[in-house]
2 protein chains.
Amino acid sequence: MIKNKYIYTFREGNKDLKELLGGKGANLAEMTNLGLPVPEGFTITTEACKEYYNNHETLPLEVESQIYDAISNLEEQIGKRFGDARNPLLVSVRSGARASMPGMMDTILNLGLNDEVARVLANTSNNVRFVYDSYRRLIMMYANVVMGYDKDEFEKYLDDYKKERKYESDLDLDDEDMVNVTTAFKRIYKNLSGKDFPQEPKRQLVEAVKAVFRSWNNKRAVYYRKINDIPDDWGTAVNVERMVYGNLSTKSGTGVAFTRNPSTGEKGLFGEYLMEAQGEDVVSGARTPKTMDVLKEEMPSVYKEFYNLAMKLENHYKDMQDMEFTIEEGKLFMLQTRIGKRTSKAAIKIAVDQVKEGLITKEEAILRIKPEDLSGLLHKTFNEEDAKKHTIIGRGLKASPGAGKGSIYFSAKDAIEAKNRGENAVLIRLETSAEDVEGMHVCDALVTIRGGMTSHAAVVARGLGATCVAGCQDFQIDALNGKLHTKMGETLSVGDVVSVDGTNGIIYKGDVAMEDPEITGEFAEFMRWADAESNAKVYANADTEKDATIARKFGAKGIGLVRTEHMFFEKERIFFFRLMILSGDKETRKKALERILPYQQGDFEKLFKVMYPDTVTIRLLDPPLHEFLPKKGEETNNLANILHVSAKVIEDKVDSLKEINPMMGQRGLRLAVNYPEIYEMQAEAIIKAAINLKKENINVVPKIMIPLTSSMYEYMFVKDLIVKKINEVLTASNEKIKYQIGTMIETPRSALIAGVIANEADFFSFGTNDLTQMTYGFSRDDSEAFLKAYFDNNILKDDPFIHIDEYGVGYLIRMAIANGRKTNKELEIGVCGEHGGDAKSITFLNPLGINYVSCSPYRVPIARLTLAQAAIKSGAKKN
Amino acid sequence: MIKNKYIYTFREGNKDLKELLGGKGANLAEMTNLGLPVPEGFTITTEACKEYYNNHETLPLEVESQIYDAISNLEEQIGKRFGDARNPLLVSVRSGARASMPGMMDTILNLGLNDEVARVLANTSNNVRFVYDSYRRLIMMYANVVMGYDKDEFEKYLDDYKKERKYESDLDLDDEDMVNVTTAFKRIYKNLSGKDFPQEPKRQLVEAVKAVFRSWNNKRAVYYRKINDIPDDWGTAVNVERMVYGNLSTKSGTGVAFTRNPSTGEKGLFGEYLMEAQGEDVVSGARTPKTMDVLKEEMPSVYKEFYNLAMKLENHYKDMQDMEFTIEEGKLFMLQTRIGKRTSKAAIKIAVDQVKEGLITKEEAILRIKPEDLSGLLHKTFNEEDAKKHTIIGRGLKASPGAGKGSIYFSAKDAIEAKNRGENAVLIRLETSAEDVEGMHVCDALVTIRGGMTSHAAVVARGLGATCVAGCQDFQIDALNGKLHTKMGETLSVGDVVSVDGTNGIIYKGDVAMEDPEITGEFAEFMRWADAESNAKVYANADTEKDATIARKFGAKGIGLVRTEHMFFEKERIFFFRLMILSGDKETRKKALERILPYQQGDFEKLFKVMYPDTVTIRLLDPPLHEFLPKKGEETNNLANILHVSAKVIEDKVDSLKEINPMMGQRGLRLAVNYPEIYEMQAEAIIKAAINLKKENINVVPKIMIPLTSSMYEYMFVKDLIVKKINEVLTASNEKIKYQIGTMIETPRSALIAGVIANEADFFSFGTNDLTQMTYGFSRDDSEAFLKAYFDNNILKDDPFIHIDEYGVGYLIRMAIANGRKTNKELEIGVCGEHGGDAKSITFLNPLGINYVSCSPYRVPIARLTLAQAAIKSGAKKN
């Protein structure tokens, strides 16, 4: 039987063994082998951790015996011995998982101390205070981490001890005090555990290792993994390392440093250190650390050595490093190195610089940036300093990033009027519906009290690129009196100014200074590199000239989704559209639609122009008609007055259009089967717009998209009526216009029969939102209430409305693409809907052969980068 | 080039050429070749009809010239000539499609008459009246059928003519009158058309043929095809046949007869005839026809000849024949034979008798009965005679067959109280919801004013086997005053008795006598034969002991679906269930559920007992919780009083449970993820029931079915909690009970991942209702409003909620079965939901390898027969 190897010395490991040794262990080994000054030690593998769990949380004998062997070897290597009072080996025990989980798991220092070692060491080192300070810390950490007791009793004792003596800080404790405290701590330990503090260093070590393994499953580690998407079954490694002390003398110290500035990306050592200190002291804020420039002056040779090592590490790892070091009696030790975290802005500058320095290739640069991280660069932000000066009055979900401020209003109408007066406006609603869209579009920020990340408000706001905080339960609206009450007890009035930070889900009272997004300089250069690698295009979902202009600015190569329904909500149009809905006969409906036609045509002309010569895909009317009718009593009366009918007529119509499951009701092309005149009008408006632009030498090829197809017959019925109307228009005007007709694939059935539909479609656009809803049977409007338990119980790892469900929905998409292309080789295939802007989803979809993704303008750069990464990863050639 | 053959003489055709010659033509040819006395003639094929339509409704020259050839041959064959006044050929032109469409298309008789032929024939035949009567009929038929003019002007002229002369009937018209009328008809014809009545017989014939072709697309034929599922592209054939006259003399006559009694199935000639009459006269009711027994006395040799021919035909066709015959001057002619229509009762008797007579095999007998036709035999019916004596006060959709009568009530509560008082009760509601189910269950019949064939009322009623007429828009409820107003102006009061005929969609005023269904005698024997052929079982959907008993009676081999939610609506339980819903914490919920447990356990024990030793499949709670809370103000107050909470608490809870798309909301196993205690209680009740029955030596193996699975993780989460609870119960009682756990496959995703789920499931049950809803994105609650246009425009041929969608939903099912069985060879697979009782759907599903279908008790025999037929058709061996 081959013996499993559960332990690697730092000399045996290397940076590529992260899975086995954890990030910290792998890098300690790598540094050791690069010849850097790393305290000697070894790593107990993640496999040992798994065995521990497989073995009902018991350390297998094999692992335990390998630990003893490793300790013997370490003793040999450095000439010190566990428990040898004259020459004791003291070690630290630190967790180190595959992915960095800072502060989530446990660490024990000074392991190896016991009564005898402490006594002899105190004598021989002439540093009684240091030795007993270390020993009392060990006892407390051990009690806490290994035995699971609260630290309170220890800390309380120490506090009382200091109070009795009127000491102000730990620094006032002298040699004798430290001995006293240590004695007391041992007593407390015995009271808690019923046993003496263990004097056998090997026992201490084995128990400490087990404690670190256990800490993999402590609450905060589990939670951290959950939100950071780290699998529960990875386990942690344990690093056992000889102690070095930055607090040993005035020639000792400790620090952390980066090879580049993590905020700006600028090249050069960036960090802080403290003399006479241990690791935590640098970041604890108790003393103010010094910058690395000071080290250069104070200890020039140590600085120089560190600088050289740092540069060596960056060149070796080909990325910015984040390092911890300790100086013990003037000697430099490297305690950790890892890829440094950085802001998005810095990340791009570093990547671009490193390409130019020849350190990495463009492809490596592209792969290095997390697409999602671009999002922070694409929205306005509040000036950090100024934000700190304002009161936070509410927090909610980060529904749609960006920053916006203005006077608060509780209805879309009021917000629109305020905007018309030239005010900035923040719309605060209990929840939103299609009626609010115009207000959402013009307002500077949106806050809802109910609803989650996928509520109407959140989805529409992300689509519009509007700043939105959703589900802010800190607010309560008193619309009658025009007041907003906050949980913190503030009361604001309509018109008061607030600042809404959608990126962080915060609402401030008052006016916070703002900063603009830019895609210039290194960012622009980086995106050009990305596009050059990509094998699919990024279109935008855009309903207005404004959206289209932003999409252009962010590099969209076309519009993949124009939602024509949003065009019906503007003042003059909604009247005629409501008249259309309320008409009992086709002729009256046609007349009402004729009045809307010029508006639609004008909208289309504007969109075509902005995007020219790129493509514009227009989805014909999709939502159920009841969304266009008023909901409240007063509005009904107004409408009734305008239309010269009784309010009851309108109420009856609203009632008759009510549906039990509107998501699966009369919408999409089902509207056209029942009211062909609606799509006829839209087709006419599209073609007339194209004819009109021809006069300006703008020759567009409109794409007409039919929503919600579920059968070939209904698709053909609707396509035929569109084509017939188009031919009428072309014949009447004696013009020729090329156009394309395609369909959304958003019902499971349309995906199942895609091979047939492809015969008659120029393009498919997957509407993955609806497809996900119907494939799971999850109503997005309702799922929040029940999916929480799914996330809490780990039943759903990812929200399928955010990251596409690869097994179910993905199967349908894969099948539809394959069958569609089998029938129609020229078929253009895209994805619109939320997943079109999600990096994880795009990474899945790109290799299936899609031609484009379409997402909200503000996510266009994210999609561009993701597609580039997907193409590089799949080794696909650019086309 | 091969010349297309568009015409077959009766000598050339045979009964197997129905596609080409139509039913009538094929059978005329068959009889001719059997040597039966059929007037000579030929058939113009359905292909000619198709060419006519392909050729923009013009008769291709090739067809026209073949008609001329055929006429020449016919002239040759019988020695008469078109237009030869001394010896004229007169023919009838009759339509005849592949499927019988009685009365739907046009017929022209006496073709070949013109002025000269009539004059000479009148002279030579000495029968002026007969000749001119024939001629004036030809003119009117030709004007109407060929030229498309209304018959009104002709009929009005004849009426006026008779009135002037004070004639009482056509029989009063003498020779001269007939000549006058003919002259007048020719004048009217000329006024209408601007031309003289065509004198050229060949032109008459060609125009008549075209007219018959055209009549294929007249409104009533199109409608008939639609409702009878006959494809529009079949076209009709045209039969041209020498005229024979049953009205020529006193030795002439005409009749129709069956070889067996079409009402009872009894063997023997069954029919009627009239002397001195033409075909229509027998059925017109103007004169009372005589029975065949009379013919036996009056014309024994003709009778004997006919009897022999009839028996020959039945033996030849191996089925009961429906024949038309004419006697011309004592000579018998056969004008038509076809398979006779019969009642369901007769159909079964005939099939069983014919097997016993050795005429057909059991398999043929089984294939001969349309499963759907059994439905009329499985429900109570009203006595036909008595029904005629009562006023019809409303009509609606035949939502659920059967007959029921009682006092009318407008709320479930009132109906239940009436039943408790011992009254019969008919529940009349605007529409129904889950709350009404108890009332629907106990009432004798249900009528709704809104809703269609797939409304809640209709679906539940069919499930319960309750008589239901849905969408009866003739009614208006005035609940406040306890009045029911009908469109016909009647007003009924609460407590008035009505009789509801669900089979025919009729509501009668008053008490109509009823008759009971039986499965005895030949019916029972027939069903036993069917079961012997079948390779799958029929289970029933049954929620109560009563349902289960009926299911047993109708031959169910188990229960495939117990909907446990219906059990929660009974008085004592609903209180605790509502208490459970309103509880803020798990412990209170558990306590409330503990109170329901004994009821559920009792229910299960009863079901297990009734079905023992057959299987019972219990579906855990499925519908959303809001269905269990009261809807109206008053009920809320009552509940609030009982629970000692404010009405607002209940209203808030109702509000918080409201969903935008409840169909895709918190229901099914999603309830168990959020409230594990519900399924735990149900699992406990099931296992305790099994333990209890063990004492009586009833050893059941309960099947526990988890609804609405869409992912493996949620299924396992729920399965684990059930298994854990069961183990607790078994350990506590120190018992062993075998059980099975499986899942509904009703979301598209569950079908897509069925291969994985099958690892952990003992059985699958396809919930094809929901699967259809989600695959199409059609909400069954709402689809009526928009699907009408789909049916009207031929976009949907079948309602996918009635007949399973083979391409989309069927694909998912096929895939799920294949993948499921690949993983788990022992996997039992069934179908519950409406399609489980639909013959067309079962025929599709059976060859996919399902083990059972589960349907409402009243549909069990239909499913049994369908499975037998499917097995026979697929040639599968019985297992």
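Before reading further, recall that the structure is shown in the block above.
A quick note: this is a predicted structure, and the numbers were derived from the prediction, not measured.

Parameters and conventions
Residues numbered from 1 in each chain as written. Chains lettered and ligands numbered in written order. Predicted model: local features only at pLDDT ≥ 70, side-chain atom pairs only at ≥ 80, totals over all residues. Heavy atoms only, no water. Patch = residues over 30% accessible without salt bridge, like charges linked within 9 Å, V, L, I, M, F, W, Y side chains within 5 Å. Areas by Shrake-Rupley, 256 points an atom, 1.4 Å probe, with all protein chains shown as cover. Salt bridge = Lys/Arg side-chain N within 4 Å of Asp/Glu carboxyl O. Helix = DSSP H or I, 4+ residues; strand = E, 2+ residues; numbered from the N terminus. Buried < 20%, exposed > 50% of the residue type's maximum accessible area, 1.4 Å probe, protein only. Phe/Tyr/Trp six-rings, centres within 6.5 Å; stacked < 30°, edge-to-face > 60°. Axes fitted to C-alpha atoms, helices over the stretch in contact; angles between N-to-C directions. Left-handed = near helix turned anticlockwise from the far one by under 90°. Contact = heavy atoms within 4.5 Å. Nonpolar A, V, L, I, M, F, W, Y, C, P; charged D, E, K, R; others polar. Pairing = 2+ DSSP bridges.

Q: Before we go on, may I ask you to explain a nonpolar patch on the surface in this structure?
A: Residue and element names in this part refer to chain B. On the surface, a cluster of nonpolar side chains totalling about 210 Å² of accessible area is made up of L397, M453 and I802. Relative to the elements of secondary structure, L397 occurs in strand β13 (residues 397-400). Residue class for L397 comes out partly exposed when judged on its relative accessible area of 33%.

Q: What is the right way to look at the packing of aromatic side chains in this model?
A: Aromatic ring pairs: the centre-centre distance and the angle between the two ring planes describe each pair. Per the stated rule, a full pass over the model turns up 48 aromatic pairs over all chains. Ring geometry for B:F130 and B:Y245: centres 4.8 Å apart, planes at 90 degrees, overall edge-to-face. A residue pair is termed long-range when its members are at least 10 positions apart, and B:F130 in helix α5 (residues 128-146) and B:Y245 in the loop between β5 (236-242) and β6 (253-260) qualify at 115 residues. Grouping residues by exposure puts B:F130 and B:Y245 together as buried. Centroid distance B:Y157 to B:Y161: 6.0 Å. Interplanar angle 40 degrees. Geometry classified as tilted. Separated by four residues within a single helix, B:Y157 and B:Y161 lie in helix α6 (residues 152-164), roughly one turn from each other. The partly exposed category is assigned to B:Y157, whose relative accessible area is 24%. Taking relative accessible area as the criterion, B:Y161 reaches 4% and is therefore assigned buried. One aromatic cluster in this structure is built from A:Y135, A:Y142, A:Y189 and A:F197.

Q: Can you walk me through the packing of α6(B) against helix α7 (residues 175-193) of chain B in this structure?
A: Helix-helix packing: each pair is described by the crossing angle between the helix axes and the interaxial distance. Residue and element names in this part refer to chain B. Contact geometry of α6 with α7 gives a least axis separation of 10 Å together with a crossing angle of 145 degrees. The two elements α6 and α7 cross, and the hand of that crossing is right-handed. Mapping the contact onto sequence places E153, F154, Y157, L158 and Y161 in α6 and D177, N180, V181, A184, F185, R187, I188, Y189 and L192 in α7. The residue inventory of the contact of α6 with α7, partitioned by class, reads 10 nonpolar, one polar and three charged.

Q: Explain the pattern of salt bridges to me, please; I cannot follow it from the model alone.
A: Side chains carrying opposite charge are able to pair once their charged atoms draw close together. Applying the stated criterion across every chain, the model contains 114 salt bridges over all chains. Note that A:R864 and A:D531 form a salt bridge whose closest N and O atoms lie 2.7 Å from each other. Taken together, the residues span a long stretch of sequence, with A:R864 in helix α34 (residues 860-874) and A:D531 in helix α19 (residues 521-533) at a distance of 333 residues. The class for A:R864 is buried, based on a relative accessible area of 10%. The salt bridge partner of B:R136 is B:D133, with a shortest N-O separation of 2.9 Å. Here the residue B:R136 and the residue B:D133 both occupy positions in helix α5, the gap between them amounting to three residues, near one helical turn. Judged by its relative accessible area of 5%, B:R136 falls in the buried class.

Q: What's the story with the sheet that holds strand β24 (residues 537-541) of chain B in this structure? I'm lost.
A: Either a parallel or an antiparallel arrangement is found when strands of a sheet pair, and the pairing is made through backbone hydrogen bonds. All names here are of chain B. Read around the closed barrel, eight strands run β24-β25-β26-β27-β28-β29-β30-β31, paired in parallel fashion. Across the sheet, the axes of successive neighbouring strands diverge by a mean angle of 25 degrees, strand direction being ignored. Where strand β26 (residues 615-619) meets strand β27 (residues 703-706), three bridges bridge the pair, whose relative direction is parallel. From the neighbouring strand, I618 faces β27, where its bridge partner is I704. Helix-sheet contacts for helix α30 (residues 768-776) involve β28 (740-745), β29 (763-767) and β30 (828-832), and the interaxial angle to β29 is about 60 degrees.

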